[in-house]
Amino acid sequence: MHGENAGLDLHVLYRNWRTAERPTHLPLYDEVVLGRTGRAGNHTALVRALSDGTFVFAHAGPAFEEWIGGEAAGRNIEALPPDCAHVLLDGLEEALRQKQPVHLVAYPERSGYVRAYDLVIFPLSSRWGGPLLLAYARPRMEKYSLVDAIFASTTGGLMALAPVRGREGVVDDFRLVALNQGAADLVSQSIDALRWQRLTDLFPHLRGTGAVDQLVQAWRTKAAVEFEFSYPSALGGVRYFSMRASAMEDLVSASLIDVTEIRNREESFRLLFQDSPLPMFVYCPETMQMRDVNAVAVEHYGYSREQFLSMSLLDIRPQEERERVRQILAQPTIPSDTGDIWKHLKADGSIIEVRVYSRQVDYQGQAARLAVVVDVTEQRKTEARISFMAHHDALTALPNRVLFLDELRRTLRHVERHEQPAAILCIDLDYFKDVNDTLGHPVGDKLLQQVSGRLRGALRENDLVARLGGDEFAVIQRDLAEPGEAGMLSDRLIAVLSQPYDVDGQMVVIGASIGIAMAPTDGESADALLKNADMALYRAKDEGRGTFRYFQPEMDARVKARRALEVELRGALVVGEFTLRYQPFVSVETGKITGFEALLRWNHPERGMVPPIEFIPLAEDIGLIVPIGEWVLRQACRDAAEWPEDMRVAVNISAVQFKGQKLANLVASALTMSGIEPGRLELEITESVLLHDSEANVAVLHQLRALGVRISMDDFGTGYSSLSYLRSFPFDKIKIDQSFVREIVDNSGDAAIVSAVVGMGVSLGISTTAEGVETAEQLERLRAEGCTEVQGYYLGRPMPAGEAQKLMARQS
Ligand SMILES: Nc1nc2c(ncn2[C@@H]2O[C@@H]3COP(=O)(O)O[C@H]4[C@@H](O)[C@H](n5cnc6c(=O)[nH]c(N)nc65)O[C@@H]4COP(=O)(O)O[C@H]3[C@H]2O)c(=O)[nH]1
C-alpha cells in the first residue's frame, strides 16, 4: 500500500502550492515539489501540456504508475486505460482553465475490484516554458468487489457454475461456485447450503427439464443460451424459471428469474381467450394487424385461423366503414368501451352487427389491444321488429295511432315552416260493425286488410295512412295547394272503399264517412286536429254517411253540449229523475182499454219533462240505455201489478239491450219480482233488432217468447224490409207506424198500405195496432180496415201512472 501517509503528502503539496502562488504566475514545479516533499513523489506524476492540446507524462512515482497500470514516462494520457484517461483529462483541462488545483474522484476497476482514488491536479509554470501539471493520485482505504456489488444489486438470482466431468471426462453437471442472495431466495435455502454443491444433487428433477443440457451447451459453444424450465416447488405446485447463461472461460455464469406469476397470468389469459364463448382477437394498435384470434371467432366469422392472422382489423369491416374505423383508431386514446355498434364482414360476405369491447393488453411482451365481440345482429333485428310493432297495427301493418300522431306533429312543424297547409282525414267505415256481427271477426279482419290496401293504393307517396283502431282510419294529406283538395281526395276514397269486396268468396259492401280538419286553421296541436277531424266525421255520419264534412267551429259547441248531456244523463239515473208515462191502447171491437204503453220521460230539474227523442239516441250510443231500460222494465211491471189482471203493459226495448244476451234473464226477473203474468207483458222492438238477420237476436227473441211474453214489431213500415223481418220471427203484434195513420183519410196510398198490413196480419194470425190516431175519422177508417187495436191522442195521451189507474177504474 502506498497511501499510509498520503493525507499528509497532499496537505504539504497544497500548502506549497498556495505559498508559491503569485498574482502574475503559477507556482514553479520546484517550489511545490522538489526537495521538500520527498515522499509525495511516490504518488505524483508530472504532466506536460503540449501545444496540440494533448498531455504527456514526464515522469511518475511508483504508486501513480500502479494506478495507471504501467510505466508513465513519455506516455500520452489518451493512451491510458479509459477509467484513468477520462478522469485525468477532465482534471488536467479543468486545472489549466481555472489556474487552481482541481480535486476529483476516480473509480478504476482492477481484477474485479473497484477502488476509489482521490485525484488532485496542480497547475504549474516552468522555467523552460509550456504549462506543467502535477497529478497526485491517492487510493482510499475502501475497496469494492464488483461481483459482490452486482450480486447484491438484484433480487434476481445470479450464479457462477463450474463444470463437473463424469466418468468418461464428459461434462454432465455443474457445481455452484458462487451465487447471490437472490438465487438462494429463489429456492428458499441459504447461500452456504448451496455453495460448492452439485446442481443435480441439489435439484434432482433438473435433468428431466433439459436445463442441464442447455447449460452444457452454453459451456461448450461459448454462446449465450436462454431457456425456461419448470420445477416442483417445495411448497407445492409448480414454479417457472427463466435462465440466461453464458460461458466465461471454464465457468458458466447464469441469471435466474422466477416467472411463475407471469406464466400463470399468461395461462389464465390464454384459457380465458381460447375458451371464451365470445369471439375475441388481439391486434396491434399501430398496424391493426391481427396477432391472435380465438376458436369461436374463427367459427363465427368463417375465416380460417391463418386467414385471420394475415388480416388487419380493417379487413373485417365493410368497405364503406373503413374510413370511419381508421379515424377512430387514429385517436391518441381509444376509449376502451365505446359500446358503439359496428358492422363486420364475415367470410361468406354477409354483414353482422356487433358491439366491440376492447382494452389495452400486454401480449407476448408487446402492447396490443384485446377485442371482445358481441354479435347483436339478431338482437337488433328483434329490436327493429319490436319498434315496428310498437308503431304499427298488427292486422294491417299500417302505422298506428302513436306513429300517426308523431307524423302529424312532424307535419305541423313542416306546415309552420313552409306555410303549406295539410289536411287530416278521419275515416270511419259505414256498416262495418254489421259485417263483423253477422259474418264474424275473421271476415271483418280480412275486410280491414283489403280496406287498408285500397287506402294505400289511393294515396300519393307523400301522404300517410294509419289505422287508429277498430274501423277507424286516418290520413295526413301533405302540401295542399288549396283546401278543396282534401274534399276531392275524400270523394275518391269514399268511392274506392264503397266498391264491393270479395272476402273468401263472399261479396261484402260497406261505405265510408270522412271528417276533415285543416292544419293550421283547425288546430295548432296534433291532438286538437285529430279531435276536430273526428268531430267532422261524426257530423258526416249524422248526416247520412257515405259523405265527408269539413270541420266547422260550431261542431265543437255541439259536441260539448252532447258531452254535458251525457254527464247529466248518468246523474239522472242515479238520483232518480226518470219517470214513466202510460198511453192506453184500445180494442177496436169493444172500444175498451186493453193495456198501456210505458213511455219514458226525464223529469229534468230545470228543463221539465224531457221527451225521449232528446236523450235516448245518446243513451244508446254510450250504452246507458241498458241500465235505463232495466229500470223502465222493472218499474212498468211493478206498476202493472197494481192494475186489473186483464190489462197488458207494453215496454219499448232498444236493440242495444239485446247485446250481451242478458235480456231474457232481466225479463224473467222483472216478471218474478212484480208477480205479473208473462202474457200481460208486451215487448216492443224495432226493426233494427233484426237488421242483417242477426241470429243471436232472434235467439233472444225465442228465449223471451219461451217465457210467455208477447213480442210486437214497432214502427212497422218505416224500415227497408219490414216484410222480410216478419219471416224471421213470429210476432204477436204489428204496430203500424203513425206516419201511415196520419194520412189514412186523405192519402189513398197510405190507406192501401194500412189495408195491406192489416190483411197480412189477419192471414198470419198477427194482431195489428195503429199508432198516432188523432181523429174520429182515422179511427173509423181503421175500424173499417179491420185493425185490431188503436193508440193515439184521440184515445188518450201519455199520462202519469196514477191517472192511468183512475182511467182503468172508471172503465171497470
Ligand atoms: N203526434 C202524435 N204522437 C203520438 C200520438 N200518440 C202517441 N204519440 C207518441 O208517439 C210515440 C209512440 O212511441 P214509440 O213509437 O214507441 O216511440 C217511442 C219509443 O221509440 C221511444 N221510447 C219511449 N220510451 C222508451 C223506453 O222506455 N225505452 C225505449 N227503448 N224507447 C222508448 O221514444 C219514442 C218517442 O216516445 P214519445 O215521445 O213518448 O212519443 C210516443 C207518443 O207520445 C198521437 O196521436 N200523435
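In what follows, the structure referred to is the one given above.
What you are looking at is a predicted structure, and each value in this text was computed from that prediction instead of being measured.

About the criteria used
Residues numbered from 1 in each chain as written. Predicted model: local features only at pLDDT ≥ 70, side-chain atom pairs only at ≥ 80, totals over all residues. Heavy atoms only, no water. Phe/Tyr/Trp six-rings, centres within 6.5 Å; stacked < 30°, edge-to-face > 60°. Buried < 20%, exposed > 50% of the residue type's maximum accessible area, 1.4 Å probe, protein only. Lys NZ or Arg CZ within 6 Å of the ring centre and 35° of its normal. Patch = residues over 30% accessible without salt bridge, like charges linked within 9 Å, V, L, I, M, F, W, Y side chains within 5 Å. Areas by Shrake-Rupley, 256 points an atom, 1.4 Å probe, with all protein chains shown as cover. Salt bridge = Lys/Arg side-chain N within 4 Å of Asp/Glu carboxyl O. Lys, Arg positive; Asp, Glu negative; His and termini not counted. Charge placed at Lys NZ, Arg CZ, Asp CG, Glu CD. Helix = DSSP H or I, 4+ residues; strand = E, 2+ residues; numbered from the N terminus. Contact = heavy atoms within 4.5 Å. Near = heavy atom within 4 Å. Polar contact = N/O pair within 3.5 Å; in protein donor to acceptor, adjacent residues only side chain to side chain. Nonpolar A, V, L, I, M, F, W, Y, C, P; charged D, E, K, R; others polar. Pairing = 2+ DSSP bridges. Expected span 1.5 Å × (residues − 1). Arc of directions from axis to C-beta.

### Considering the packing of aromatic side chains
With the rule as written, the count across this model stands at 21 aromatic pairs. Considering the side-chain rings of F281 and Y283, the 6.4 Å spacing of their centres and the 55° angle between planes classify their relative orientation as tilted. Of the two residues, F281 and Y283, both sit in the buried class. One aromatic cluster in this structure is built from F281, Y283, Y301, Y303 and F308. Between R454 and the ring centre of Y501, over which it is positioned, the NZ or CZ distance is 3.6 Å. Above the plane of the ring of W602 lies R607, whose end atom (NZ or CZ) is 6.0 Å from the centre.

### Focus on a negative patch on the surface
Together, D52, E78, D90 and E93 line one region of the surface with negative charge. Positionally, D52 belongs in the loop between strand 1 (44-49) and strand 2 (55-60).

### Some words on the environment of A397
Among the secondary structure elements, A397 is positioned in the loop between helix 15 (377-391) and helix 16 (401-418). On the basis of relative accessible area, A397 is assigned to the partly exposed category, the value being 36%. In this structure the C-alpha to C-alpha distance between A397 and R467, which are 70 residues apart in sequence, comes to 8.8 Å. With residues near it in sequence (within four places) discarded, A397 still touches F388, H392 and R456.

### Comments concerning the site of the ligand
In the region of the ligand, 21 residues are neighbours, and Q583, R601, D714, E774 and Y793 sit closest. Within the side chain of E597, one N or O atom sits 3.0 Å away from an oxygen atom of the ligand. Burial of the ligand by the protein chains amounts to 82% of its free accessible area of 780 Å². Its residues assigned to classes, the shell around the ligand shows 8 nonpolar, 6 polar and 7 charged.

### Observations concerning the pairing of strand 19 (residues 472-477)
Burial analysis of strand 19 places 5 of its 6 residues in the buried class, which makes it a mostly covered element. Sheet analysis places strand 17 (residues 422-430) next to strand 19, joined by 6 bridges and oriented antiparallel. Considered in strand 19, the bridge of A423 is made with Q477. Pairing of strand 18 (residues 464-469) with strand 19 involves 5 bridges; the strand directions are antiparallel. Opposite R467, over in strand 19, you have F473 as the bridge partner. What sits between strand 18 and strand 19 in their antiparallel hairpin is a turn of 2 residues, with G470 showing a positive phi close to 50°.

### Focus: the side chain of R601
Along the polypeptide, R601 turns up in strand 25 (residues 593-604). Buried charged residue R601 carries no salt bridge. Nearest counter-charge: E597, at 8.8 Å.

### Quick word on helix 25 (residues 695-707)
Taking 1.5 Å of rise per residue, 13 residues should cover 18 Å, and helix 25 covers 19 Å from first to last C-alpha, within 8% of that figure. Along helix 25, the residues that are buried comprise N697, V698, V700, L701 and L704. Looking straight down helix 25, one finds that the buried residues subtend no more than 155° of arc, so they occupy a single side. Projecting away from the buried face of helix 25 at angles above 90 degrees are the exposed residues E695 and A706.

### Considerations on the environment of Q289
Residue position: Q289 is located in the loop between strand 12 (280-283) and strand 13 (290-293). Put simply, Q289 and L309 are 20 residues apart on the chain and 7.6 Å apart in space, counted from C-alpha to C-alpha. When neighbours within four sequence positions are excluded, Q289 is seen to be in contact with V282, Y283, C284, L309, S310, M311 and S312.

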